[in-house]
Structure formats: C-alpha cells, structure tokens
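# Topology and contacts: notes
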Amino acid sequence: VLSSGINAEYGGGGGGPPKVYSCANKHPVAALKNIRPDATFETVCEYQCKKGSAMVVSTTLDGVTYQGEGTKAVIAKALAAARALEGINAYQHELVEKVADYEEQKEQVTAIIAHWQEVQVEREKIKKEKEERNQKRMEQQQAAKRRKENSGSAAPVTDTPPTEVTYVTVNKPATDTTSSATPNASEYRDYGMLIQRYGPDIQEQTVETVDRKITGFFQFTCKLTVQGRSFEGEGGSKKSARNNAVERAFRAFDLEPPPIVNARKPKDPSAHDRKRARAEFKVIEPVTFQDKLAEKCWNLVTDKLADIACPLGNRRNFVGVVKVKGAEDPNNLENCELVAFGNGSHLIKVENMTTDGTVIKDSTGESLALRAFRRYLLDQISLCFKSQPSVYIKQLDGKCSIDNAYSFYLYTNSSPMGDCRAQHTPDTPPPAPSTPAPSTPAPVVKQEPGEPAAVATGDAATPTVKQEGTPTARRPPFRRHRRFQTNLEDLGKVTYAKVDLIEGSMEGTVVFDKEKCHSIVSPSDKLALRQMCGVQGSILFNFSNPVYISKYLVGRSYGEENLRRALWERMKGVKVRGSAGLEPQLAKVEWKVTRNPEKRDPWAFLWAKDHALEFIFTPAGKKYENPDLAPVDAKLVDTAQLQQSEYCTKALFAALTKICQDSQLSCANKYSTIKCGKNRYSEVKQAVQKHLLDSGLGSWPEKRVPDY
C-alpha cells in the first residue's frame, strides 16, 4: 500500500518517512475521499413504497465496483465507502466510523425491495384482470348487437355504440327557452337532464334479461316511462341499458316534444365578464402615508435585487424597519428611510441547530428584519460614542437613548404568523379581555351538547353560562384564515413553528404541547415580547436603552382587533408594564405590487444599511457565498458555498466587542455572560413569560445556554 502511494502522505521538511493515513474513527466517505480523491458515487436504484425507501449506491475503484444499500442515501453511500476501503485494504479500515447498523439496514432494504416487488406483481395482476374484463364486456356488447340485428328488433340501430356519449347540435333561437324541447347547441344530454326537463315523476324499471350462468355475460333491459310514453334500452350493464333508453327518449322528443316541466335557465353573459374582471389584477395607486411608504420600501428592495441573477427574489413574507424623522407627511417621504429588511418563511432544520451562535435558526421575515435592525443599531451606537451624527443621544449614565425626533415603523406585507392571524368577524367584536389572578389558572368549562363553547380572547378563557329561562348565548362568529387556522380557544396562546425535517419548516403555526414543540416561537409572540423588552435585544441592552416599534404597517390578513390583542392587549397583566413597553399604533396598507404572493422556497434574505445583502439557505441557517449560482431546489445546494452570516449572533457580538475596544469601554468576554446576566432587560422578559404562564396562555420554551 505504501509503495503504491494510495494510502500515504508525506510530511514537509527533509523528506522523512511516509506518514500513513489512518481510517480509525473517520467517516467512511471522508476517509475514502482522502485516500482516493477520484472516487465518485452514483445511485444504482431507488425503491419507494409504504414501508419506506431503499437505495443502492455504488463506487468504482480500479475497475472494481463496491455497492452499499440503506434506507437513506447517506447510509448507502457510507456503506459503499466502507466496503471500498476494505477492498483496497486501507490502513485500519476495520476501525472506520460505523454510521449505522449495516446488518439491520440490509434486512430493512431486503424487506422493502421484496414488498415493492410484491406490489408491482399485484399491480400487473390487477391491470391484466381489468383488460380481460374490458375485452369480455366488449365481446358481450358486440354479441348483443348481433342478436338484436338478427331478431329484427323494432328499435332502430345506429352506428353510435350504446355506451358512447352523444352530442346534438341544433340551431335554435336564443330567445326561445320554454316552448320547444329541442336542445341547445352542443348540449350534453343525460338522465339527469331528462328528469330536470320533463319531470321528476319518470319511472324506471331495469331487469336482467339473460342469465349469466348460461351465457357467461350480463344483459339488462331498462324501461323508462316519461309522461305516459315508454322507451326501452338494452346493454351489458344497468347504466348502459339506461343510457340507451334515455337516448331513444331524447330522439323521440326531438320529433314530438312533450310539455317541458322545468325550462333551463339561460346563462347570464355578464356573469362571466364580472368573474373575469375580478380575476384581472388592478394596481392600487398609493394615496395614504402608509401606502406610499410601502411602495418606497418595495422600490428600494427591487433595486437591491436587480443585480442578482438567480431567481431568489421571493418576497412572500417581506418585513422592513423604517426610520422616520419628525411627523408623517404623505406628500413628502424624505424624512423616511428603510434601514433594515428581511424576507423568509422557513426555520432551520433541527439537526443543524447549534449553541455556538454561528447559524440563524429563525428565518421568518420578522425575525430577520429585527436581526438586521440590531446590526444597524450597533453602527449607530458606534457613531454616538465617536460623537458623530446618530439616532442615539448619549445619557449621563453612559447609556445611549434614541433621539426623540426619531421613531421606527415596522412594515410587513402580511400579518405576522401566529396569533396575529386568528380573526373575529368585524361585525361582532370579541369579548373584553379578562386577566385572572396569577395564582389561579384559566377556568376549564366542560361543554355539554348544545351549550355554547368557552370564548378565549386576550389573556384567558371566559366561559359562557347558560341560565334557565333565557335563550342560549351564542359565541361570536369566528373567521379562520384559509391556511393558518387557529381554534377559538387558542386565541392569545403562545404558538410554535411547525418544523419539517426535509425543508426546515412550514409557514403555518399550531399549538403544541411543551414536550412535542420546537423551541422557536411564532413571530406574533416574539413581536409581543419585543414591545415590552425592546427590539435592541440583550446584546445591546448594556449600552442602549429600550428601542420600541412605535407603529406597525400591515398588508394582507390585516385585523386591527386581532393585531392589538396579539401585540399588546394580552400583556396588560405584566407587573412591570407601567414602567416598560410601548403600545404600538396600527395602520392597514392597501397598496400592493402583485396580486398573489410568490411561491415559497427554502431561501431568505436580509439587509441592513451600509452592509451587504445576504441570501440565507434556511435549512442550514447560513448565507450562500455566491447567490448568482444558488439553485431553487434545496437538494442541489453546494454545501461548500455556505458561510457564516454577518448577521448571526456570534458576528453581532464580535461587532459589539470591537466597538467597546475602539471606544475603550468594558465589555463581557462571552455572550453567555450577557444573555444569562441579571439586568432590566432580563427582568422584563421573565415578567412577561411568567404572566403568559399564569394567564393560561402557555409557557415560553427554554433555550439552551450559549457556549460562546
């Protein structure tokens, strides 16, 4: 092996003895790639059935093919690599890392392939039996037709097969709809039309005329009686016999039409025009301040994405943070500037979650926009410490506060996922929120059949009690979003993002038990927490006083009562609310650039002023180095292009450390010290989480302590 150079590498310097590459505790694929860089893998076959999937992967070295099988591609590839290492007699190949129980994988693959073969045999059998039945039925119909011709039946025989649908084309004045039985042009005539037009009192009698035991096939005769006139039809099935009788009835009525019982209503030509007009998208011209501001945000994002060649400009869930200086003026938006934005609707895959701060776990638009906004605030704090123009003003206590001349708005083209999307109908407002005592859990009322259900709004559920002698109170109507359904009793509760192990996550949010939920809460709950603690986060709290979003501009799925409850009203019982938090204003954005949202994909992007636009591959939580070459399909992503994002928590902490060094300020050595330390930010956050738990709205998931 050493003489061939296959398994040896030489160290630098004076040409010492060869250094043998050991396969011990190495992944089989990595070990094979180190020894034989020219090794390639290809999929031999793949099986899919109800019992699971099975794959066979092979690699060829020096004319010898090594195969591996497994229930997943990575397992099959690892097994093929392990067998290849054994075949080339690599050093310590028997100590290579065992990815899975290969014997168990072999048994599972064998069982799956056997089941797949059984299914294929069964399908071929069913297909063959179906062809035989169709052939036999055709022979029966042909035999019946020959018998009919030989017997000289009075019924006319046409060239049209008995079971074939017939169309009649007759030129008829458009205004005559009641006095004639002649059908309209290209009108389909069946048994239902016969009943609708000539009366519901049609009598039908179908009998079997030929014994199957004697002839080996079915033969039926159907007799229809319509307004005293009888028509007969024969066929190899009851349906074909009735179709023949119906056709003969219509042909007779074409010559001598009986009175029409129910005339067919003429179509309204204007109805189609109205439907087409609704389908045509009409651009709404921006008139109000929020509409013009939304258009300005979209124009800026369009300019940022103009140089990107790949199809990743998806803005399905777009969120931007706007800096506003002074008062709102619809005729002048010079005082408004988009400083950060984010777009996305996926989460990281569970297997890629880490505690080192190098990945972005939540790639929803709201979370990415706030993450980019914190990057912008770091730059503004640095400018403030250098006595340069900034949105911050340095206070006597050493901290920085936002200048009163500035305010921050959050624009989103869609209502945040989670509790913000569960809506009451506008005509019936939800009951007033009630907050039970912290020590008393929300009441649970057992509903009997016919009694009203408990209505949950705000912080807790309020039961409706039925009293004797009074009519039963009905709960307010509840309108569910088509794709994001929330039960009425779950209004106000903490929700968690539903994770999909293939792509990373799904856009919808549902309520889970604490043991079964993912550790990432919905954007609605995150924004509600930020309205109390501030959007600056724990990483900036030692140098910045709380920064709040003063106004939300929301596009589709807008519901003012719903948003107010989710973002503010359910926090009324927090003990520190008098000294923390800011109630946001709400405004609806009518303007939109497209009719329908773009299709979702596993990509997201975010940007902050004076920083680069990054595209995030959401299943991995990392940026893609060259977005021009990024594929839409997640399976085709080149992992070598994935790099740490400039906006991840570790990068933000590194930026904070540099600011402290430049300004000669003291700073914690580790981010975990800031995250787990006791300060005003953590006090408010714990108070909010305790209030949600005591109010019966669910517990906030506990995150793992960062290790950096």
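Residues numbered from 1 in each chain as written. Predicted model: local features only at pLDDT ≥ 70, side-chain atom pairs only at ≥ 80, totals over all residues. Heavy atoms only, no water.

## Some thoughts on the packing of aromatic side chains
Under the criterion given, the structure shown has 18 aromatic pairs. For the ring pair Phe-341 and Trp-607, a centre distance of 5.1 Å and an interplane angle of 25 degrees mean the geometry is stacked. One end of the pair, Phe-341, is in strand β12 (residues 336-343); the other, Trp-607, is in strand β26 (residues 603-608), with 266 residues separating them in the sequence. Judged by relative accessible area, Trp-607 falls into the buried class, the value being 5%. (Phe/Tyr/Trp six-rings, centres within 6.5 Å; stacked < 30°, edge-to-face > 60°. Helix = DSSP H or I, 4+ residues; strand = E, 2+ residues; numbered from the N terminus. Buried < 20%, exposed > 50% of the residue type's maximum accessible area, 1.4 Å probe, protein only.)

## Comments concerning the sheet that holds strand β3 (residues 42-49)
Strand order in the open sheet made by the three strands is β3-β4-β5, with antiparallel pairing throughout. Of all strands in the sheet, those with a lone pairing partner are β3 and β5 (64-70), marking the two edges. Strand-to-strand twist in this sheet, taken as the mean axis angle between neighbours without regard to direction, amounts to 15 degrees. Note: β3 against strand β4 (residues 52-61), seven bridges, orientation antiparallel. Its bridge partner lying in β4, Gln-48 is registered against Ser-53. (Pairing = 2+ DSSP bridges. Axes fitted to C-alpha atoms, helices over the stretch in contact; angles between N-to-C directions.)

## Some remarks on helix α6 (residues 238-255)
In this model α6 runs 27 Å from its N-terminal to its C-terminal C-alpha over 18 residues, within 8% of the 26 Å that 1.5 Å per residue would give. Where α6 is concerned, the buried positions are Ser-240, Ala-241, Asn-244, Ala-245, Val-246, Glu-247, Ala-249, Phe-250, Ala-252 and Phe-253. For α6, the secondary structure elements touched by its buried residues are α4 (191-198), β9 (220-226) and β10 (229-235). (Expected span 1.5 Å × (residues − 1). Contact = heavy atoms within 4.5 Å.)

## Let's talk about the pairing of β10
Pairing analysis gives seven bridges linking β9 to β10, with the strands arranged antiparallel. Opposite Thr-225, over in β10, you have Ser-230 as the bridge partner. Here β9 folds back onto β10 in antiparallel fashion, the turn holding two residues, of which Gln-227 has a positive phi close to 50 degrees.

## Regarding the packing of helix α1 (residues 28-35) against helix α2 (residues 73-87)
At a minimum axis separation of 8 Å, α1 and α2 run at an interaxial angle of 45 degrees. Here α1 is positioned oblique relative to α2, judged by the angle of their axes. Once α1 is placed against α2, the crossing between them reads as left-handed. Residues Pro-28, Val-29, Ala-31, Leu-32 and Ile-35 of α1 lie in contact with α2, whose contacting residues are Lys-77, Ala-78, Ala-81, Ala-82, Ala-84 and Leu-85. Of the residues that constitute the contact of α1 with α2, the class distribution is 10 nonpolar, no polar and one charged. (Parallel < 35°, antiparallel > 145°, perpendicular 65-115°, else oblique. Left-handed = near helix turned anticlockwise from the far one by under 90°. Nonpolar A, V, L, I, M, F, W, Y, C, P; charged D, E, K, R; others polar.)

## A word on the nonpolar core
Ranked by size, the top nonpolar core spans 54 residues in total, and within it Phe-373, Tyr-392, Phe-408, Val-547 and Tyr-552 carry the most contacts. Residue contributions to this core peak at 11 residues, all from helix α9 (residues 365-385). When residues no more than four places from it in sequence are discounted, the contact partners of Tyr-392 are Leu-377, Gln-380, Ile-381, Cys-384, Cys-400, Ser-401, Ile-402, Ser-544 and Val-547. (Core = buried A, V, L, I, M, F, W, Y, C linked by side-chain atoms within 4.5 Å.)

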